[in-house]
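One-letter residues, chain by chain:
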Amino acid sequence: MTAVLLFFVLAHDLASNLRSRWSDSSHRADDAAINVAQMAQGLLRSSANALIFIAEASRRFHPAAPLNDTALKGLITTVLKQQSQIGRIVVVDTAKPDNPWASLHSTSTSPLCNTSVDAATVICFDATRDTAQGLVIPVAAAIDGRQWVVGEIRVAVLKRAIERVVSPDNVAFSLRDTQGRLVLQGGHDLSAENVKPGWVPWLIGSHIPPLQATVPIGPYPFFATAQISLQDIWVPWRNVALGAISFYVFYLVAFACLLKIIMGAAKLQRHYIQSLQAKTQHLRLAQRAGKTALWSLSDSAQRFECYEEAGDWFGLRPGQTLASANDVLTIVVPADRLLLATQVRRAWKKAVPLRVEFCIQKPEGVVRRLSACGQMVTDETGAKQMVGTVVDVTEQWSVWQRHIESQHRFKVLFEQNPLPFWVFDASSKRFLEVNAAAVRVYGYTREEFLQMTIFDIRDTTERLKVWEDLASPPEVRNVPKLWVHRTKGGTAIDVRIHSVDIVFADRPARLVLAEDVTTQLADERELAYRASHDLITGLPNQHALIQWMDVLIAKSTPFEVAYLQLVGMDAIADTFGIPVATGVLQTVASRLITESNECTAMAAEQAFVWATPNQIADAHMRAVADSVAEPIHYKDTQHQINVVIGIARYPSDGIQSDVLLAHAALAAHAHLHSDETIHYFEPLLAQQSREKLHFAACLRRAVKHHEFELHFQVLTDLHDMRPIGLEALIRWPQTDGTFISPSTFIPICEESGLITSLGHWVMTQAAKAVCDLKSAGFEGLPVAINISPAELLGRDLIASFRAVREAYSLPSGALRVEVTESSLITHKDKAVAVMRQLRADGIAIALDDFGTGFSSLSYLRDLPIDALKIDQAFVRNVDCDERSAMICETIIALGKSLKIDVIAEGIEHYAQYAWLQHHGCDAAQGYFLGKPGPLQDVLKTLSQSTLKRRSVP
């Protein structure tokens, strides 16, 4: 109630204070408006009087003088010096059409005009104008009906004059004409400050005097407005309000604290009362939880008395607390009965404290262990009795028995463990106990061990390391670690130490188990060596090399990597076997080690890597290449190995070890067929490699989705111009309508293993073409397909042909194959065997591009071929080049002598056709005879040529 009353009192005082301040500020606004009006009236009156004076003087002294009269100008100059608020005075003729002051000459009834005191001169004002001197108020005095004296009152001067009489810090003022147009404003900007809070009318009432006043400026067409800042009221009143609120809050806090103290005291009083009431009960509960009770033994009646809780322990009935001493002894187990009686008598007679433990057996057979303490006392009557406590220690006794058993088991495990065990003192580091295994492994007797410290079985160099380990935190110290120990005979053994802190013989100690891992570590070292070294050459492998480079990269040390790709190892392995190739590789490795003092590693089966933080000189690398290229003699064989070297530099060619190694390998692999030995990595190589990989990915997609087309070109018999077959030519169409040449994508197919899938698709499409030819009436025209070396040497070529022929029911001779001489350079025997099997299956074989490879007459003797195809390089100039003609003539003669058909490729004009026909070439193909195209176009051309031949008589 007091707080509410105080609130209303403070609110009333604050409202009264705010109302008083608001009223004072309203009066100040009135005073400020009057002051502004008086100052503005004075300056306007002075300016108007000056112009009236000039107008009257002009009428009086110069009624007929021109406007630029010297005396009138002097008068104007004098007035301008005296009236600083006037910026300019001019005499204007309102009758002129271009008069800029036409708006000033007005009748006396205009709201911006008035008459002078003597009613002879009319004064007019106009709206403010912006001139070179700033804002001005135009004012004019009439000389006669046409001429006016016009002056410009500078608004800035008028504003400064007003600000001298009005404080601009808390007052805002303005001047407006009778039309409501703003002339000037100044003082404090109150646009954001004079927003009256909504709670003000609620606090001081709705009849609030305004903080703004407006006063007319004498007889002139202007009025002045002044406004007081709300901050003048709000800031001091806010301080008063904050003080009142702070006082009220302090009062509330103090009242709340006092109330809390009173309530806390009452609560504490209730707590003490409850605590005192529950003390006895708590004590009894504590004794029950601790299995403790009180007892007494009377001398006179030999009576035993105990609390109710202990009655159950001593076999008393529920609620019974008294029993004779003999009744108590009967429940004590016989083994402890005499000891208990003896101890009680001794304590009674000698008045010494009683401390005894004994076991009792309850009627249901349960055995409990009790610990009794007592003391004989004499009461006021002289009667003696023994009082004390009894504690049920059955659980503690059981734990102790288990501890004894555990110690026994530990001793057995310690002594009979097959691994060395010992305990050493934590401070002196002296052995306290060792087991038989430690004696057997280390060779010392137990007595010798007990005279030694743990440092005596280690090298002296490890003493500091052992101290640091023992001083480390337990979570670090208890982690198993590898150490090297010495036996009595000086033999070093690797052990893994497992240790833990214990208390041994009442002193801090450490229990240690030593696991002999000598053999295991040796195996691990062997595995680590195998993981980081090449087993054939003994050099570090690529993984170890990358680790070596990573160390240099971490130190930002520039270095260079040389990738040495061996050329010719495959031929050695295929010819002489893997053991000889291995010996040759070891010889190369030993030569590289001799030439290099830096890191030399084995990067691949046929490549080495040489890395050095020094710059690799070209002369040195050439010497290394020459050393590798020297003939190698191994087991009665001689071999010649070449090497291509790719070099990459850190950091210019890469900042990662694997990237650097890849760039060096790329520089070598990209120039395997180059005449130069040393090649440096260039970013263009990486770009080309990426483009090749992208091209291969696109090619793989194209093979998967069959994005290719087969075009066909007719083979024509040159004797009767009859078609004798078609050659299937693969095309890869692009979205822009162009085609990618087979010479571009076939090698990549062979490298990536796509050639088999692509070849099977071509084989299938050729079989379909045979069926379409048959349907179109051209049965018997075979279709020839080109077989790459990879397909010829593959395992599935014969099976694929058989499957396709069976699937499309093709007769013998429906399909033909064309192979190049390059297919026979390597694995000739295997290629010949495949070709013979194909011929046996009814597939004719033509040797394509004859004369461009390593042509040999032995091929013609051994190869099972049916036709020779003269390469277009010889046919191109056969009609004009003697050498080309001689070669073609020789091939034709050779084919006829071997009874092999000869087919010419690339006939593009009639002269070539005529020469070949004249010299007995069997068949030909080329643009002159028929351009390659889709099967439907070729069928149309074949039909047309057939009709022409039939129409010829």
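This is a predicted model, so every value here is computed, not measured.

Scoring rules and cut-offs
Residues numbered from 1 in each chain as written. Predicted model: local features only at pLDDT ≥ 70, side-chain atom pairs only at ≥ 80, totals over all residues. Heavy atoms only, no water. Pairing = 2+ DSSP bridges. Helix = DSSP H or I, 4+ residues; strand = E, 2+ residues; numbered from the N terminus. Axes fitted to C-alpha atoms, helices over the stretch in contact; angles between N-to-C directions. pLDDT = per-residue confidence, 0-100. Contact = heavy atoms within 4.5 Å. Buried < 20%, exposed > 50% of the residue type's maximum accessible area, 1.4 Å probe, protein only. Expected span 1.5 Å × (residues − 1). Arc of directions from axis to C-beta. Core = buried A, V, L, I, M, F, W, Y, C linked by side-chain atoms within 4.5 Å. 1 Å grid on protein atoms, 1.4 Å probe; cavity = no way out; pocket = protein on both sides within 12 Å on 5 of 7 lines; lining within 4 Å. Points joined across faces, edges and corners; volume = space filled by probe spheres on them. Nonpolar A, V, L, I, M, F, W, Y, C, P; charged D, E, K, R; others polar. Patch = residues over 30% accessible without salt bridge, like charges linked within 9 Å, V, L, I, M, F, W, Y side chains within 5 Å. Areas by Shrake-Rupley, 256 points an atom, 1.4 Å probe, with all protein chains shown as cover. Salt bridge = Lys/Arg side-chain N within 4 Å of Asp/Glu carboxyl O. Parallel < 35°, antiparallel > 145°, perpendicular 65-115°, else oblique. Left-handed = near helix turned anticlockwise from the far one by under 90°. Phe/Tyr/Trp six-rings, centres within 6.5 Å; stacked < 30°, edge-to-face > 60°. Lys NZ or Arg CZ within 6 Å of the ring centre and 35° of its normal.

1. Quick word on the sheet that holds strand E8 (residues 182–187)
If you walk across this open sheet you meet the four strands as E8-E7-E10-E9, and the pairing is antiparallel. Pairing within the sheet leaves two strands with one partner each, and these edge strands are E8 and strand E9 (212–216). Taking the axes of each pair of neighbouring strands and ignoring which way they run, one obtains an average angle of 15° across the sheet. Note: strand E7 (residues 171–177) against E8, five bridges, orientation antiparallel. What sits directly across from Ser174, in E8, is Gln185.

2. Regarding the confidence of the model for the protein
Residues of the protein with pLDDT of at least 70 account for 87%, and the chain-wide mean is 81. Across residues 115–119 the pLDDT falls below 50, and counting only partners more than four positions away or on other chains, this stretch makes five contacts in the model.

3. Here's the deal with the environment of Ser20
Topologically, Ser20 is positioned in helix H1 (residues 2–61). Ser20 gets classed as partly exposed once you look at its relative accessible area, which sits at 41%. For the pair Ser20 and Ile233, spaced 213 residues apart in the sequence, the C-alpha separation amounts to 9.4 Å.

4. Section: unusual backbone geometry
With an omega dihedral of 10°, the bond running from Tyr650 to Pro651 counts as a cis peptide bond. Position of Pro651 among the secondary structure elements: in the loop between strand E27 (642–650) and helix H19 (657–669). Notably, Met721 is not glycine yet its phi reads approximately 60°, a positive angle. By the secondary structure assignment, Met721 is in the loop between strand E29 (709–717) and strand E30 (723–733).

5. Focus: helix H25 (residues 828–840)
The periodicity of an α-helix, 3.6 residues per turn, causes residues three or four positions apart to be oriented the same way. The terminal C-alpha atoms of H25, which comprises 13 residues, lie 18 Å apart, in line with the 18 Å expected from a rise of 1.5 Å per residue. Buried within H25 we find Ala831, Val832, Val834, Met835 and Leu838. Seen along its axis, H25 keeps its buried residues to an arc of 160°; they face one direction. For H25, exposure combined with an orientation more than 90 degrees from the buried face picks out Asp829 and Ala840.

6. What to know about the nonpolar core
Taken as a class, soluble globular proteins show a tendency for nonpolar side chains to be buried jointly. Core analysis: the largest hydrophobic core is formed by 82 residues, its most contacted members being Phe708, Phe745, Val783 and Phe801. Sort the elements by how many residues they give to this core and helix H22 (residues 755–775) lands first, with ten residues. With near-sequence residues (within four places) excluded, Phe801 lies in contact with Met763, Ile785, Ile787, Leu815, Val817, Leu838 and Ile843. In terms of nonpolar packing, the next biggest core, distinct from the first, is built from 45 residues, Ala33, Val139, Ala141 and Ile143 among them.

7. Some points on the layout of surface pockets
In this approach the atoms are scanned with a rolling probe the size of a water molecule, which exposes any empty space left behind. Approximately 1,000 Å³ is the volume attributed to the largest pocket. When residues of the lining of the largest pocket are traced back to their parent elements, those giving at least two are E30, helix H21 (742–752), H22, strand E32 (783–786), helix H23 (789–792), strand E33 (815–820) and strand E34 (844–850). A class-by-class count of the residues in the lining of the largest pocket yields 14 nonpolar, twelve polar and ten charged.

8. Some remarks on the packing of helix H16 (residues 569–576) against helix H17 (residues 578–595)
Here H16 crosses H17 at 145°, and the two axes come no closer than 7 Å. Contact residues: H16 offers Met569, Ile572, Ala573 and Phe576, while H17 offers Ile578, Val580, Ala581, Val584 and Leu585. For the contact of H16 with H17, the per-class residue count stands at nine nonpolar, no polar and no charged.

9. A word on a nonpolar patch on the surface
A contiguous nonpolar patch, built from Leu242, Ile245, Val249 and Val253 and spanning about 330 Å² of accessible area, is present on the exposed surface. Looking at the element boundaries, Ile245 is found in helix H5 (residues 231–289). Its relative accessible area of 46% is what places Ile245 among the partly exposed residues.

10. Some words on the packing of helix H24 (residues 797–808) against H25
Two elements in contact, H24 and H25, have axes separated by 10 Å at closest approach and are oriented at 15°. When the interaxial angle is binned, H24 and H25 end up roughly parallel. Helix-helix and strand crossings are classified by hand; for H24 and H25 the assignment is right-handed. Residue-level contacts link Leu797, Ile798, Phe801 and Arg802 of H24 to Val834, Gln837 and Leu838 of H25. Residue composition of the contact of H24 with H25, grouped by class: five nonpolar, one polar and one charged.

11. Observations regarding the sheet that holds E27
Remark on secondary structure: sheet strands pair via backbone hydrogen bonds, oriented parallel or antiparallel. The strand order E23-E24-E22-E27-E28 describes an open sheet built from five strands, whose pairing is mixed. Lying at the two open borders of the sheet, with one neighbouring strand each, are strand E23 (599–604) and strand E28 (678–680). Ignoring strand direction, the axes of neighbouring strands in this sheet form an average angle of 25°. Relative to strand E24 (residues 607–612), H17 is tilted by about 10°, and along the sheet it contacts strand E22 (559–567), E23 and E24.

12. Details of the pattern of salt bridges
Enumeration according to the criterion identifies 27 salt bridges in this entry. Here Arg486 makes a salt bridge to Asp459, at a shortest N to O gap of 3.0 Å. Of this pair, Arg486 sits in strand E19 (residues 481–486) while Asp459 sits in the loop between helix H11 (446–450) and helix H12 (463–470), and the two are 27 residues apart along the sequence. For Asp459, a relative accessible area of 27% puts it in the partly exposed group. Its salt-bridge partner being Arg525, residue Asp494 comes within 3.5 Å of it at the nearest N-O pair. Pair noted here: Asp494 is in strand E20 (residues 492–504) and Arg525 is in helix H14 (residues 518–532), with a separation of 31 residues, a long-range link. Judged by relative accessible area, Arg525 falls into the partly exposed class, the value being 49%. Taken together, the shared-partner salt bridges in this structure form one network comprising Glu727, Glu818, Lys869 and Glu905.

13. Side note on empty space enclosed by the protein
Counted according to the given criterion, the structure contains three cavities of 30 Å³ or more. By volume, the largest cavity amounts to about 170 Å³. Taken together, 15 residues form the lining of the largest cavity, with Arg458, Asp469, Leu470, Ile497 and Ser499 sitting closest to its centre. Within the residue set of the lining of the largest cavity, elements represented by two or more residues are strand E17 (421–425), H12, E19, E20 and strand E21 (507–516). When residues of the lining of the largest cavity are assigned to their parent elements, the largest contribution, three residues, is made by H12.

14. Here's the deal with the packing of aromatic side chains
In this structure the tally under the stated criterion is 18 aromatic pairs. When the ring of Trp422 is compared with that of Tyr442, the centres are 5.7 Å apart and the planes differ by 80°; the resulting orientation is edge-to-face. Residue Trp422 is located in strand E17, and its partner Tyr442 is located in helix H10 (residues 436–442); the two are separated by 20 residues in the primary sequence. Taking relative accessible area as the criterion, Tyr442 reaches 1% and is therefore assigned buried. Here the aromatic residues Trp422, Phe431, Tyr442, Tyr444 and Phe449 are joined through ring pairs into a cluster of three or more. Cation over ring: Arg463 sits above Phe455, and NZ or CZ is 4.4 Å from the ring centre. One Lys or Arg, Lys465, reaches over the ring of Trp483 and ends 5.3 Å from the middle of that ring.

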